[in-house]
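# Results of the structural survey
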Amino acid sequence: MILAKEFNRNHFARDSDLTISTNTPQPPTIVQFGANSPLELARASSLVAPSVGGVDLNCGCPQSWACAETLGAALMEKRELVRDMVVETRERLRQDGWAVGKDKDKDSPAGRSVSVKIRVHHDLRKTMDFIDTVLGHDQDRHIDFLTIHPRTRNTPSSIPINLEALEILTSAYGDRVPILLSGDVFAMNALPFTSPLLNIEKTNGFNAETPQRPVLPKLAGLMSARAILANPALYAGYDACPWEAVETFMISAARAPLPFKLTLHHVSQMCAPGMGPNKSALLTKPDRAALMACTNMCDLIDFLDEKKGLRREG
Ligand SMILES: Cc1cc2nc3c(=O)[nH]c(=O)nc-3n(C[C@H](O)[C@H](O)[C@H](O)COP(=O)(O)O)c2cc1C
């Protein structure tokens, strides 16, 4: 989440919050903003649109500082404001010359998406009122897609996602807007539901003894946070992080202006046990402690080379 107001006003904030590689082609990138004003979100979106594929509005961050500023999950009580923010942003991008025609423009090089990420309320009717308002008319809805994190603002992430809420919301709205799930996507072979989207039965080891899982026929996509930090190869079907992922990351990190501490943090996450049922780890606990003692990129590369012969020819 990038704070739109600061991003608009301060070039140090812009430099530190968003760096895009000049190598092409780049994978699609969605920038997510924290905002509570239509003008701020529209301006920040206008600034990033040349560099990214879309903008998202955070209506899910539960942190107290964010909610105190009417950002993140506090916006779940401000559905008209959220609607106004996405409407103004879409209009601003349209005026700037971007193709904001949703599905019709998704393959256009000028195509840009406007989306929203939400949590749910204790009373799901409030969430439905929120979605009705933010979605607008079916013929010309206000958002390209919706990401649902099926926990309330007060539910800790140690509690499993509310699958019943997700079932209800995807069946009520899944034909009207693409819905992505955020929450407990830990391993492709251990999702707590099935969906034709995932072709799950072919890709994992579920069998007749696997407990009955709900079917989500209208789910359009997945978002992972904690698990993909530990295992960036998750969507390639790996249930634990392979060394190849660490190597790929190190090659990219060596070419990018990533602060060393961030690089080290990512590598330590990848070398620790992941979030899924497979708890194997690339490094033992003592080795991970030794990893954290690396103080510069050369140390880190040498350490990883020693541990797994990561050095590449040339
Ligand atoms: C380190 C970290 C940073 C996060 N940052 C954001 C963020 O900037 N915006 C957002 O909408 N959610 C953010 N989240 C929440 C996740 O998107 C997600 O909704 C939540 O962690 C549940 O998904 P998970 O089970 O895949 O972790 C973050 C989560 C983690 C662990």
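Basis of the calculations
- Residues numbered from 1 in each chain as written.
- Predicted model: local features only at pLDDT ≥ 70, side-chain atom pairs only at ≥ 80, totals over all residues.
- Heavy atoms only, no water.
- Helix = DSSP H or I, 4+ residues; strand = E, 2+ residues; numbered from the N terminus.
- Rg over C-alpha atoms; globule rule 2.2 N^0.38 Å.
- Buried < 20%, exposed > 50% of the residue type's maximum accessible area, 1.4 Å probe, protein only.
- Contact = heavy atoms within 4.5 Å.
- UniProt positions renumbered as here; feature names shortened; annotations may be inferred.
- Arc of directions from axis to C-beta.
- Polar contact = N/O pair within 3.5 Å; in protein donor to acceptor, adjacent residues only side chain to side chain.
- Axes fitted to C-alpha atoms, helices over the stretch in contact; angles between N-to-C directions.
- Left-handed = near helix turned anticlockwise from the far one by under 90°.
- Nonpolar A, V, L, I, M, F, W, Y, C, P; charged D, E, K, R; others polar.
- Pairing = 2+ DSSP bridges.
- Near = heavy atom within 4 Å.
- Areas by Shrake-Rupley, 256 points an atom, 1.4 Å probe, with all protein chains shown as cover.
- Right-handed = clockwise from strand over helix to strand, strands pointing away.

### Some thoughts on the overall build of the protein
Helix and strand counts for the protein come out as 13 helices and seven strands. For a compact globule of 314 residues, the expected C-alpha radius of gyration is about 20 Å, and the protein comes in at 21 Å, within 12% of that figure. Each principal axis of the C-alpha distribution contributes one length, and for the protein these read about 60 × 55 × 40 Å. For the protein, with 314 residues in total, the buried portion stands at 46%. Within the protein, contacts between residues separated by at least 24 positions form 65% of all contacts whose residues are at least 6 apart in sequence.

### Observations regarding the UniProt feature "domain: DUS-like FMN-binding" (unreviewed entry) in the protein
Per the UniProt entry, the sites bearing "domain: DUS-like FMN-binding" (unreviewed entry) are residues 1-189 in this numbering. Helix makes up 37% of residues 1-189 and strand 15%. Its end C-alpha atoms lie 29 Å apart.

### Some details on helix α7 (residues 163-173)
Among the residues of α7, those classed as buried are Leu163, Ala165, Leu166, Leu169, Thr170 and Tyr173. Down the axis, α7 shows its buried residues gathered within 150° of arc, on one side only. A side-chain oxygen of the first residue of α7 lies 3.2 Å from the backbone nitrogen of Glu164; this N-cap is Asn162.

### Thoughts on unusual backbone geometry
Residue Thr24 is joined to Pro25 through a cis peptide bond whose omega torsion reads -5°. Position of Pro25 among the secondary structure elements: in the loop between α2 (11-17) and β2 (30-34). A positive phi angle, near 55°, is found at Lys102, a position not held by glycine. Its place among the elements puts Lys102 in the loop between α5 (79-95) and β4 (113-119). Residue class for Lys102 comes out buried when judged on its relative accessible area of 10%. In the Ramachandran plot, Asp184 falls in the positive-phi region, its phi being about 65° despite a non-glycine side chain. Along the chain, the position of Asp184 falls in the loop between β6 (179-182) and α8 (200-203).

### Here's the deal with the packing of helix α3 (residues 38-48) against α5
When two helices pack together, their arrangement is given by the angle between the helix axes and by the axis-to-axis distance. Relative to each other, α3 and α5 sit at 35°, their axes nearing to 8 Å. The interaxial crossing formed by α3 with α5 has right-handed handedness. Together, Pro38, Leu39, Leu41, Ala42, Arg43, Ser45 and Ser46 of α3 and Leu81, Asp84, Met85, Glu88, Thr89, Arg92 and Leu93 of α5 make up the contact between the two elements. Looking at side-chain class alone, the contact of α3 with α5 contains seven nonpolar, three polar and four charged residues.

### So, the side chain of Lys102
A polar side-chain atom of Lys102 sits 2.8 Å from a polar atom in the side chain of Asp140. One polar contact links the side chain of Lys102 to the main-chain carbonyl oxygen of Arg141, over a distance of 2.5 Å. Apart from the residues lying within four places of it in its own chain, the contact partners of Lys102 are Arg90, Asp140, Arg141, Ile143 and Asp144.

### Re the sheet that holds β4
Pairing is parallel in the open sheet, where seven strands are placed in the order β1-β2-β3-β4-β5-β6-β7. Of all the strands in the sheet, just β1 (2-3) and β7 (219-223) have a single pairing partner and so form its edges. Where β4 lies against strand β5 (residues 145-149), five bridges are found, and the strand directions are parallel. What sits directly across from Ser115, in β5, is Phe145. With respect to the sheet, α3 is in contact with β2 and β3 (54-59), its orientation differing from that of β2 by roughly 155°.

### Regarding the site of the ligand
Around the ligand sit 13 residues in total, of which Met1, Gln32, Ser182, Asp184 and Arg226 are the nearest. At 2.8 Å, a side-chain N or O of Ser182 approaches an oxygen atom of the ligand. In the model, an oxygen atom of the ligand is placed 2.9 Å from a nitrogen or oxygen of the Ala225 main chain. Here the ligand has 600 Å² of accessible area as a free molecule, and 67% of this is covered by the chains. A class-by-class count of the residues in the shell around the ligand yields three nonpolar, six polar and four charged.

### Topic: the environment of Ser64
Tracing the chain through its elements places Ser64 in helix α4 (residues 64-68). Under the relative-accessibility criterion, Ser64 is labelled exposed at 61%. When the C-alpha positions of Ser64 and His266 are compared, they lie 26 Å apart, and in sequence the two are 202 residues distant.

### Here we look at the pairing of β5
Along β5, five of the five residues are buried, which leaves the element largely enclosed by surrounding structure. Assessed by its sense of winding, the connection that carries the chain from β4 through helix α6 (residues 124-135) to β5 is right-handed. Two elements, β5 and β6, share three bridges in a ladder whose sense is parallel. Considered in β6, the bridge of Thr147 is made with Leu180. For the handedness criterion, the β-α-β arrangement of β5, α7 and β6 is classed as right-handed.

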